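Listed below are the residues making up each chain.
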Amino acid sequence: MNKKILRAAALSLALCLIFGAVAVPAYAAKKKKDRSEITIGIDPGHQSKADTSKEPDGPGSSTKKYKVTGGTSGKYSHLAEYKLTLQVAKKLKKELESRGYKVVMTRTKNDVNISNSKRAKKLNKKCDIAIRLHADGAASSTAHGASMQCSSKKNKYISKLYSRCNKLSQKVLDAYCKETGMKNRGIAYRDDLTGTNFSTIPVTLIEMGFMSNKSDDTYMAKPKNQTKMAEGIADGIDDYFGF
């Protein structure tokens with residue numbers, strides 16, 4: 001191969017590198033959203049008075065469930081679940097906003113009457129994801145720890161959201177348990193949750209701990225621990241979005 005051919009090959013390679021480098025931005029992946037462009041929906045579970053009138057458990061469903069129940073209460077703290085969820089929700093809102101997110105809450109007080117389907121529809125309008133806050137209860141006082149309730153692959157209403165709901169559930173649970181030290185009880189897959197079935201955005205429900213267990217109950221009732229609970233959930237949301 002003579003020198004002219006070598007020079008031509010080198011020039012051709014240089015031009016490819018130059019124009020290839022210039023062309024990359026045109027094919028670059030879509031820029032990741034900043035936190036300020038993301039809105040988090042928070043649903044503090046339950047309310048002060050149950051509404052036992054019924055609504056479909058999903059869009060067009062013939063199966064009816066109570067619109068909203070009053071929830072459980074602390075066996076040792078005597079704190080009502082609907083009060084706990086709102087206390088944590090307010091701290092979570094503050095934490096998320098301090099990180100730059102926008103936040104929408106389904107309720108900001110306990111004396112309301114908002115069905116589970118209406119809660120989902122409210123968050124669907126403006127939010128990128130929805131976090132439903134709850135606490136567990138059991139007949140046995142030994143049951144303890146946190147878990148998530150997520151729609152399954154076979155959910156006939158939001159199966160297309162499964163992978164994102166599952167990812168959100170795992171990220172939030174892992175970060176929450178890491179921050180609080182709560183036992184990680186894993187993810188339960190359920191397709192009978194009205195507030196989940198009416199969602200059109202990735203959604204998960206966290207059972208933050210057992211109000212029937214002394215350790216969990218007394219932990220969750222303390223404001224300083226509620227701050228850690230909120231931080232853990234926020235960390236999981238950060239992980240979900242890749243921050």
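Our subject in this report is the structure included herewith. Small disclaimer: the values here were computed from a predicted structure and weren't measured.

**Comments concerning helix α3 (residues 116-126)**
- If you check which residues of α3 are buried, you get N116, S117, R119, A120, L123 and N124. Buried residues of α3, seen end-on, are gathered within an arc of 160° and therefore sit on one face of the element. Away from its buried face by more than 90 degrees, α3 exposes K118, K125 and K126.

**What to know about the packing of helix α4 (residues 162-180) against helix α7 (residues 223-241)**
- Running from amino to carboxyl end, α4 crosses α7 at an angle of 140°, the nearest separation of the two axes being 7 Å. The pairing of α4 with α7 is recorded here as oblique in orientation. Note that α4 runs across α7; the crossing there is right-handed. Facing R164, K167, L168, K171, V172, A175, Y176, E179 and T180 of α4, the residues of α7 in contact are K228, M229, E231, G232, I233, D235, G236, I237, D239 and Y240.
- Counted by class, the contact of α4 with α7 contains eight nonpolar, three polar and eight charged residues.

**A short note on the packing of helix α6 (residues 214-221) against α7**
- Where α6 meets α7, the closest approach of the two axes is 5 Å, and the angle between their N-to-C directions is 90°. Comparing the axis directions of α6 and α7 gives the class roughly perpendicular. Where α6 approaches α7, its residues Y219, M220 and A221 are matched on the opposing element by P223, N225, Q226, K228 and M229.
- Looking at side-chain class alone, the contact of α6 with α7 contains five nonpolar, two polar and one charged residues.

**Some thoughts on the pairing of strand β7 (residues 184-189)**
- Examined bridge by bridge, strand β6 (residues 146-150) and β7 share four bridges and lie parallel to one another. Along β7, the bridge assignment pairs M148 with I187.
- Crossover β6 to β7 through α4 is right-handed.

**Some words on α6**
- Every buried residue of α6 is listed here: D216, D217, Y219 and M220. Seen along its axis, α6 keeps its buried residues to an arc of 165°; they face one direction. In α6, the exposed residues that point more than 90 degrees away from the buried face are K214 and S215.
- The inward-facing, buried residues of α6 contact α2 (81-99), β5 (129-136), α4, β8 (203-210) and α7.
- Its side-chain oxygen placed 3.1 Å from the backbone nitrogen of S215, N213 serves as the N-cap of α6.

**Digging into the pattern of salt bridges**
- Evaluation of the coordinates by the stated rule reveals nine salt bridges.
- Of the charged contacts, one joins R119 and D43 as a salt bridge, the two residues approaching to 2.9 Å between their closest N and O atoms. Residue R119 is located in helix α3, and its partner D43 is located in strand β1 (residues 39-44); the two are separated by 76 residues in the primary sequence. The exposure classification of R119 matches that of D43, with both residues buried.
- Across the pair E95 and R99 runs a salt bridge, and its minimum N-O distance is 2.8 Å. Of this pair, E95 and R99 are both found in helix α2, four residues apart, which corresponds to roughly one turn of the helix.

Scoring rules and cut-offs
Residues numbered from 1 in each chain as written. Predicted model: local features only at pLDDT ≥ 70, side-chain atom pairs only at ≥ 80, totals over all residues. Heavy atoms only, no water. Buried < 20%, exposed > 50% of the residue type's maximum accessible area, 1.4 Å probe, protein only. Helix = DSSP H or I, 4+ residues; strand = E, 2+ residues; numbered from the N terminus. Arc of directions from axis to C-beta. Axes fitted to C-alpha atoms, helices over the stretch in contact; angles between N-to-C directions. Parallel < 35°, antiparallel > 145°, perpendicular 65-115°, else oblique. Left-handed = near helix turned anticlockwise from the far one by under 90°. Contact = heavy atoms within 4.5 Å. Nonpolar A, V, L, I, M, F, W, Y, C, P; charged D, E, K, R; others polar. Pairing = 2+ DSSP bridges. Right-handed = clockwise from strand over helix to strand, strands pointing away. Polar contact = N/O pair within 3.5 Å; in protein donor to acceptor, adjacent residues only side chain to side chain. Salt bridge = Lys/Arg side-chain N within 4 Å of Asp/Glu carboxyl O.

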